[in-house]
Amino acid sequence: MKDVAVDSILQVIGHTPSVWLDRMVAARGLEGRILAKLDYLNPGFSKKDRAALGIIEAAEADGSLAPGQVVVELTSGNMGTGLAIVCGIKGYPFVAVMSRGNSPERARMMAALGAEVVLVDQAPGSVPGEVSGTDLALVEAEAQRLTAARGAFRADQFARAGNAMAHYRTTGPELWAESEGTLTAFADFAGSGGTYAGTVRALKEREPALRGYVVEPEGAAVLAGEDLRDAGHPIQGGGYAMADLALMEGVPVDGYLSVSGAEARETARALAREEGIFAGFSAGANVAAALRLLAGPERGGRVGVIICDSGLKYLSTDLWG
Ligand SMILES: Cc1ncc(COP(=O)(O)O)c(C=O)c1O
């Protein structure tokens with residue numbers, strides 16, 4: 001960005017810096033490079049600010065969102081934070097519906113930004129910090145109820161094209177330019193699949209030979225076609241074991257990787273210690289996948305990843321011990 005003040009925080013969304021993780025790669029004796037896009041430096045401390053802005057601006061443009069209309073969304077916290085910022089600036093009351101299984105600092109942050117936060121109990125037997133597809137279904141039901149009751153616009157990150165489009169227009173082109181056109185692969189842990197879908201489309205347009213890898217939790221690799229063995233994992237924001245992701249339809253995938261919760265945690269800790277990058281579990285999952293790619297099929301290549309959110313969102317979890 002130029003050294004010039006902007007008119008609102010919305011103009012600060014995106015344009016995050018990217019860093020080569022050369023220390024981690026060298027310490028493991030691997031060949032190649034990993035380019036990490038620091039999306040935890042967005043105003044809401046996550047990449048989902050991009051999706052929030054993308055969905056709201058697309059809805060304004062096509063008339064599906066009326067001035068002053070209430071906006072409702074299901075969120076693991078990050079989409080809700082992005083929407084709280086975007087809706088707050090644009091004058092839409094915002095209701096965030098989140099599972100109690102997500103970390104409480106997320107709810108506090110959304111409330112501080114002016115959102116009404118509705119917390120939904122986890123299913124019996126679910127573990128706090130591990131939000132399963134079943135827990136998410138309960139959150140979805142409450143989000144649907146509230147949308148109808150308030151005559152609201154449902155931001156619907158799992159369905160609306162504005163989510164993936166934001167990454168197609170911004171994340172992908174930024175990564176490509178910052179790599180100086182050298183990326184050979186991209187790996188991403190999927191929640192809605194919006195980041196993967198939009199970014200990989202933009203990258204493949206620029207380099208058709210670039211390979212895209214979807215990252216899932218071990219035991220819940222349903223996009224890879226595996227049966228669901230274990231829905232529980234600590235990688236908040238994705239890995240919901242949903243085999244049909246609307247935003248992934250027709251999007252090319254060259255390979256799948258699964259990462260355990262422990263591996264995501266250890267890699268997030270290593271990112272902090274070895275690279276000075278203080279991020280969450282899913283960033284750990286992405287970097288773990290990229291390291292594995294350099295040790296295997298992408299040896300010597302250049303793998304792009306997103307650092308999805310800030311480690312500060314996990315102070316109440318076991319991530320930082
Ligand atoms: C921390 C974190 N990681 C990963 C994801 C998954 O991103 P996407 O929904 O674009 O697939 C999310 C989504 O909310 C997230 O909050």
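The structure we're discussing is the one just above.
S.K.: Honestly, the site of the ligand in this entry has me stumped. Any pointers?
M.R.: Near the ligand there are 17 residues, and of these Lys 48, Gly 191, Ser 192, Thr 195 and Ser 282 occur at the shortest range. One of the side-chain N or O atoms of Lys 48 is found 2.8 Å from an oxygen atom in the ligand. In this structure, Ser 192 approaches the ligand through a side-chain N or O atom, which is 2.6 Å from an oxygen atom. When the free accessible area of the ligand is taken as 390 Å², the share hidden by the protein chains comes to 98%. Its atoms largely coinciding with the cavity grid, the ligand occupies the largest cavity. Here the shell around the ligand is built from residues that sort into 4 nonpolar, 10 polar and 3 charged. Summarising the domain contributions, the shell around the ligand has at least three residues from each of domain 1 (9-46 + 161-314) and domain 2 (48-154).

S.K.: What should I look at first to understand unusual backbone geometry in this one?
M.R.: Among all residues save glycine, negative phi is the norm, and among peptide bonds the norm is trans. The phi dihedral of Phe 45 falls on the positive side, at around 60 degrees, and the residue is not glycine. By the secondary structure assignment, Phe 45 is in the loop between strand E2 (33-37) and helix H2 (48-62). Note on Phe 45: relative accessible area 38%, which makes it partly exposed. At Glu 180, a position not held by glycine, the phi torsion is positive, near 55 degrees. By secondary structure assignment, the location of Glu 180 is in the loop between helix H6 (161-178) and strand E7 (185-189).

S.K.: Where do I start with the nonpolar core in this structure?
M.R.: The tendency in soluble globular proteins is for nonpolar side chains to be buried side by side. In terms of nonpolar packing, the biggest core is built from 36 residues, with Ile 34, Leu 271, Ile 277, Val 287 and Ile 307 touching the most fellow members. Secondary structure elements with two or more residues in this core: helix H1 (22-27), E2, E7, strand E8 (211-217), strand E9 (255-259), helix H8 (261-275), helix H9 (281-295) and strand E10 (302-306). In terms of residue count, the dominant contributor to this core is H9 (10 residues). When neighbours within four sequence positions are excluded, Leu 271 is seen to be in contact with Leu 21, Met 24, Gly 276, Ile 277, Ala 283, Val 287 and Ile 307. Judged by nonpolar contacts, the second largest core, of 34 residues, contains Ala 164, Ala 197, Met 248 and Ile 306.

S.K.: Could you clarify how one ought to interpret the sheet that holds E2 in this entry?
M.R.: Working definition: the strands of a sheet are paired by backbone hydrogen bonds and lie parallel or antiparallel to each other. Strand order in this open sheet of 6 strands is E1-E2-E10-E7-E8-E9, and the pairing throughout is mixed. Among the strands making up the open sheet, the edge pair consists of strand E1 (18-20) and E9. Each strand of the sheet is rotated relative to its neighbour by a mean of 25 degrees, with strand direction disregarded. Here E7 pairs with E8 via 5 bridges, running parallel. Note that in E8 the partner of Phe 186 across the bridge is Gly 212.

S.K.: Hey, could you run me through the pattern of salt bridges in this one?
M.R.: Any two side chains of opposite charge can pair, so long as their charged atoms come close to each other. One pass over the structure, following the stated rule, counts 23 salt bridges. Of the charged contacts in the structure, one is a salt bridge between Arg 145 and Glu 142, with a shortest N-O distance of 3.0 Å. On the criterion of helical spacing, the pair formed by Arg 145 and Glu 142 is a turn pair, its members being 3 residues apart in helix H5 (residues 133-150). Asp 318 is paired through a salt bridge with Arg 265; the nearest N and O atoms lie 3.1 Å apart. One end of the pair, Asp 318, is in the segment after E10; the other, Arg 265, is in helix H8, with 53 residues separating them in the sequence. Residue classification places Arg 265 among the buried positions, given a relative accessible area of 17%. Counted as one network, the salt bridges with shared partners bring together Lys 37, Asp 39, Arg 50, Glu 174 and Glu 178.

Cut-offs and rules
Residues numbered from 1 in each chain as written. Predicted model: local features only at pLDDT ≥ 70, side-chain atom pairs only at ≥ 80, totals over all residues. Heavy atoms only, no water. Near = heavy atom within 4 Å. Polar contact = N/O pair within 3.5 Å; in protein donor to acceptor, adjacent residues only side chain to side chain. Areas by Shrake-Rupley, 256 points an atom, 1.4 Å probe, with all protein chains shown as cover. 1 Å grid on protein atoms, 1.4 Å probe; cavity = no way out; pocket = protein on both sides within 12 Å on 5 of 7 lines; lining within 4 Å. Sits in = over half its atoms within 2 Å of the grid points. Nonpolar A, V, L, I, M, F, W, Y, C, P; charged D, E, K, R; others polar. Domains from an automatic or database assignment. Helix = DSSP H or I, 4+ residues; strand = E, 2+ residues; numbered from the N terminus. Buried < 20%, exposed > 50% of the residue type's maximum accessible area, 1.4 Å probe, protein only. Core = buried A, V, L, I, M, F, W, Y, C linked by side-chain atoms within 4.5 Å. Contact = heavy atoms within 4.5 Å. Pairing = 2+ DSSP bridges. Axes fitted to C-alpha atoms, helices over the stretch in contact; angles between N-to-C directions. Salt bridge = Lys/Arg side-chain N within 4 Å of Asp/Glu carboxyl O.

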